[in-house]
Structures are given as structure tokens and as C-alpha cells.
Amino acid sequence: MARYTGPVCRLCRREGQKLYLKGDKCFTDKCSVTRRAYAPGQHGQGRKKLSNYGVQLREKQKVRRYYGVLEGQMRKYFEVADKMQGITGENLLKVLELRFDNVIYRLGLAESRAQARQLVTHGHFTVNGKKLDIPSYLVNVGDVIEVKEGSRKSPKIKELQENHQGNILPWLQFDVEKLSGKVISQPTREDIDLPIEEHLIVELYSKN
């Protein structure tokens, strides 16, 4: 299954809530969910009540869209989470949070996860001093993430640096001046500020 390349605002409308896929636009009156709070398509305003399976499926799709992962990747992450100690649903979210593109977004080096994925694939960052351009790479505690020396003069990187809000999650450190971040611990469920009912995803995958 190919990655979705259509208008991302349709994805938010399909899930019935903001997924913050467009960065700053999501906080303005131009947000599609604010203007048209119903699903896209000819029959979007006549959606019927979902079954239990439908609710579980929509929750899984919502998480996939938050993090920008394909179905095959999502299932692999679930299998990894299921083998870890602890609560499977929380483990799944922790694994997703440790994706390289998500960490770049969480460090404030991108306005959205989609932009973070693009910057990563273009080779703007290093991990422990080595260039890394794989968005799905799972970072580890202790990893140091920096903007590559040759990318620091990029207008986009400079803009992100100047507008950096400084609101970094407890499991990360970031030095705005040096454009250097570090993973100091594993993320906890409390650190993940997304409206997700992860137990529904576990129930869905457990049926298969």
C-alpha cells in the first residue's frame, strides 16, 4: 500500500478531529475541521453509527495518520510492542514516539511530522555524529541528534531555530543555539499528548 499523497486535511475530516498534519495552519480559522466538521465525500454528512470493529479501525487509522506510518509498519510496531514488558498499547505508542522523524518533530525542528520526514530523507540530521536519512529509525536513550553542519545555514532550519518555542518533552533535551538534542529517557504514556485510546488498537490486532 502506497503512502497517502492527497490533501491531508481530508484525513483530519475523516477522523472527525484535528490530527495537526499541517503544522501552524491547524491552529487557524483556515483549518478544514473547523470549517467543515464532517467526513469528506458525497455522503460525508450522513455517516452511520460505527460498529465496535469500526471504532477500533478508526482508532488505528487515526494513529497511523498521526505518525505517518504504513499499515505494514504499524503491524510490525504492534508485534514489537506485544513482545515488550508492560502494557501493549502503551508500548506501541512509545515505539512510535521513538521514530526518528517523530523525534525531530518533538524537538521542534519541524512544524509537522510530514515536514520532519522530508527533512530527514533529505539528510539534514545526524545521530551520534553520523548522517541518518531513515525516518523510521528507532532512536535509543543516549542518542545525540544534531542538525548537520552543512544544513545549519538553510533558510528553513534558520527559520525553525528563530521561531523555536522551547517546549520540549521531559524525555528529550534540546539546545537551540547548538541545534543539538538528546534522548535522555524512554517516553512515558503521560508524555504522549495525543487523544488516543490505544486499547482499541490492541483489541483490533488481537483478533487477527
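Quick note: structure is the one above.
Worth saying up front: this structure is predicted, and the values here are computed from it rather than measured.

Enquirer: Even after reading the chapter, I still don't get the packing of aromatic side chains, so can you show me in this structure?
Expert: Each aromatic ring pair is summarised here by two numbers: the centre-to-centre distance and the angle between the ring planes. Across all of its chains, the model carries 2 aromatic pairs by this definition. Arranged with centres 5.0 Å apart and planes meeting at 35 degrees, the rings of phenylalanine 78 and tyrosine 205 form a pair that is tilted. You can see phenylalanine 78 sitting in helix H4 (residues 71-83) and its partner tyrosine 205 sitting in helix H9 (residues 198-206), a full 127 residues away along the chain. We classify tyrosine 205 as buried; its relative accessible area is 4%. Here the aromatic rings of phenylalanine 100 and phenylalanine 125 are separated by 6.4 Å at their centres, their planes lie at 80 degrees, and the arrangement is edge-to-face. With phenylalanine 100 in helix H6 (residues 100-106) and phenylalanine 125 in strand E1 (residues 125-127), the pair connects residues that are 25 residues apart, well separated along the chain. Phenylalanine 125 carries the same exposure label as phenylalanine 100, and that label is buried.

Enquirer: Looking at this structure, how should I read helix H5 (residues 88-97)?
Expert: Residue pairs three or four apart in sequence face the same way in an α-helix, which turns once every 3.6 residues. In terms of burial, H5 is largely enclosed, as 8 of its 10 residues are buried. Those residues of H5 that fall on the buried side of the exposure criterion are Thr88, Gly89, Asn91, Leu92, Leu93, Val95, Leu96 and Glu97. The inward-facing, buried residues of H5 contact helix H3 (52-67), H4, H6, helix H7 (113-121) and H9.

Enquirer: Explain the environment of asparagine 91 to me, please; I cannot follow it from the model alone.
Expert: Looking at where asparagine 91 falls in the secondary structure, it is placed in helix H5. Considered as a pair, asparagine 91 and arginine 189 are 98 residues apart in the sequence and their alpha carbons are 8.6 Å apart. Setting aside chain neighbours within four positions, we find asparagine 91 in contact with Ala81, Met84, Gln85 and Gly86. In this structure the side chain of asparagine 91 is engaged in a polar contact, spanning 3.1 Å, whose partner is the backbone oxygen of glutamine 85.

Enquirer: What's the story with the pairing of strand E5 (residues 180-183) in this structure? I'm lost.
Expert: Within a regular strand, side chains alternate between the sheet's two faces. Where strand E3 (residues 144-147) and E5 come together, 3 bridges link them in antiparallel fashion. From the neighbouring strand, glutamate 146 faces E5, where its bridge partner is serine 180. Relative to E5, strand E4 (residues 172-175) runs antiparallel, the two sharing 4 bridges. Looking at the pairing, aspartate 175 lines up with serine 180 of E5. Adjacent in sequence and paired antiparallel, E4 and E5 are bridged by 4 residues, among which leucine 179 carries a positive phi angle near 50 degrees.

Rules used in this analysis
- Residues numbered from 1 in each chain as written.
- Predicted model: local features only at pLDDT ≥ 70, side-chain atom pairs only at ≥ 80, totals over all residues.
- Heavy atoms only, no water.
- Phe/Tyr/Trp six-rings, centres within 6.5 Å; stacked < 30°, edge-to-face > 60°.
- Helix = DSSP H or I, 4+ residues; strand = E, 2+ residues; numbered from the N terminus.
- Buried < 20%, exposed > 50% of the residue type's maximum accessible area, 1.4 Å probe, protein only.
- Contact = heavy atoms within 4.5 Å.
- Polar contact = N/O pair within 3.5 Å; in protein donor to acceptor, adjacent residues only side chain to side chain.
- Pairing = 2+ DSSP bridges.

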